[in-house]
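Take a look at the letters that make up each chain.
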Amino acid sequence: MAFLDGISNAEVFREIEREMRAWVGDDSSGHDLDHAWRVFNVGVKIAEREDADCDIVGAGALTHDIHRSMGEDGEYVPPADSLPAVRSVLEATAFPDEKIPAVLHCVEVHEEYEFDGGENPAETTEALVLQDADNLDAIGAVGIARNFAFTGVVGNRLWAPDTDEYSGLGHFDDKLLHLKDEMNTAAARAVAEERHAFLVEFAERFTEEWYGNR
């Protein structure tokens, strides 16, 4: 697996992936294991620059969206409620027991944002890095694809201008365009600038094509 090239403890991460398959399964909402591995890849790279623990960031990346598979009939389950499940996944592998609490903290706070008026509760560098890696995968070309995949899964329209109806393009203004300013690390901010610019360009082109102006 390319994401594990040069990674120490690679077999442990493979074990975590195998455990996660029982939870994530055939997810098509953009929160699948492909997403988890992209977050892993970016997260480990940032962790190395920030002198963070790559084991903790990597394990957090692979397990952070387990809460997405826990709700029934589309019910949203917050990450904090998934921590026993994350612990059970990690305890079923050779992941170091003493690092599990740090992973749980990363998972618990990975969806916290300041743009909605809250404060970032992340207490560790690893948690800040995981937030950045996850948010980077929500913007840029892949982020746009994930956004509209999720839009289809939950049954929303591509866009619903002049209405209060939630939509795929509406999610840009509600969340995606805010993520650039949520980045915690210099490495993530540099990547976010380019990905954010692509979001803006896409939204402008989308709007022009919607109204037949291009």
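Residues numbered from 1 in each chain as written. Predicted model: local features only at pLDDT ≥ 70, side-chain atom pairs only at ≥ 80, totals over all residues. Heavy atoms only, no water.

**Points about the state of the cysteines**
- Counting across every chain of the model gives zero disulfides.
- Of the cysteine sulfurs around Cys54, a residue in no disulfide, the closest is that of Cys106, at 12 Å.
- Judged by its relative accessible area of 23%, Cys54 is partly exposed.
- Among the residues examined, Cys106 registers a relative accessible area of 0% and is labelled buried. (Disulfide = S-S within 2.5 Å. Buried < 20%, exposed > 50% of the residue type's maximum accessible area, 1.4 Å probe, protein only.)

**Some thoughts on a negative patch on the surface**
- Residues Glu108, Glu112, Asp116 and Glu123 make up a contiguous surface patch of negative charge.
- Inspection of the secondary structure puts Glu108 in helix 5 (residues 100–109).
- Relative accessible area serves as the criterion here: at 35%, Glu108 is assigned to the partly exposed category. (Patch = residues over 30% accessible without salt bridge, like charges linked within 9 Å, V, L, I, M, F, W, Y side chains within 5 Å. Areas by Shrake-Rupley, 256 points an atom, 1.4 Å probe, with all protein chains shown as cover. Salt bridge = Lys/Arg side-chain N within 4 Å of Asp/Glu carboxyl O. Lys, Arg positive; Asp, Glu negative; His and termini not counted. Charge placed at Lys NZ, Arg CZ, Asp CG, Glu CD. Helix = DSSP H or I, 4+ residues; strand = E, 2+ residues; numbered from the N terminus.)

**Here's the deal with the packing of helix 5 against helix 6 (residues 125–136)**
- Following both chains from N to C, one finds helix 5 and helix 6 inclined at 40 degrees, their axes separated by 9 Å at the closest point. With respect to each other, helix 5 and helix 6 are oriented oblique. Here helix 5 and helix 6 pass one another in a crossing that is right-handed. Mapping the contact onto sequence places His105, Cys106, Val107 and Val109 in helix 5 and Glu126, Ala127, Leu130 and Gln131 in helix 6. (Axes fitted to C-alpha atoms, helices over the stretch in contact; angles between N-to-C directions. Parallel < 35°, antiparallel > 145°, perpendicular 65-115°, else oblique. Left-handed = near helix turned anticlockwise from the far one by under 90°. Contact = heavy atoms within 4.5 Å.)

**Structural notes on the pattern of salt bridges**
- Summed over all chains, the structure comprises 13 salt bridges.
- Notably, a salt bridge pairs Asp181 with Lys180, separated by 3.1 Å at the nearest N-O pair.
- Residue Asp181 is classed as exposed on the basis of its relative accessible area of 61%.
- Among the salt bridges present, the one from Arg205 reaches Glu209, with a minimum N-O distance of 2.6 Å. Of this pair, Arg205 and Glu209 both sit in helix 9 (residues 186–210), separated by four residues, roughly a single helical turn.
- Among the charged side chains, a salt-bridge network with shared partners connects Glu11, Arg14 and Arg18.

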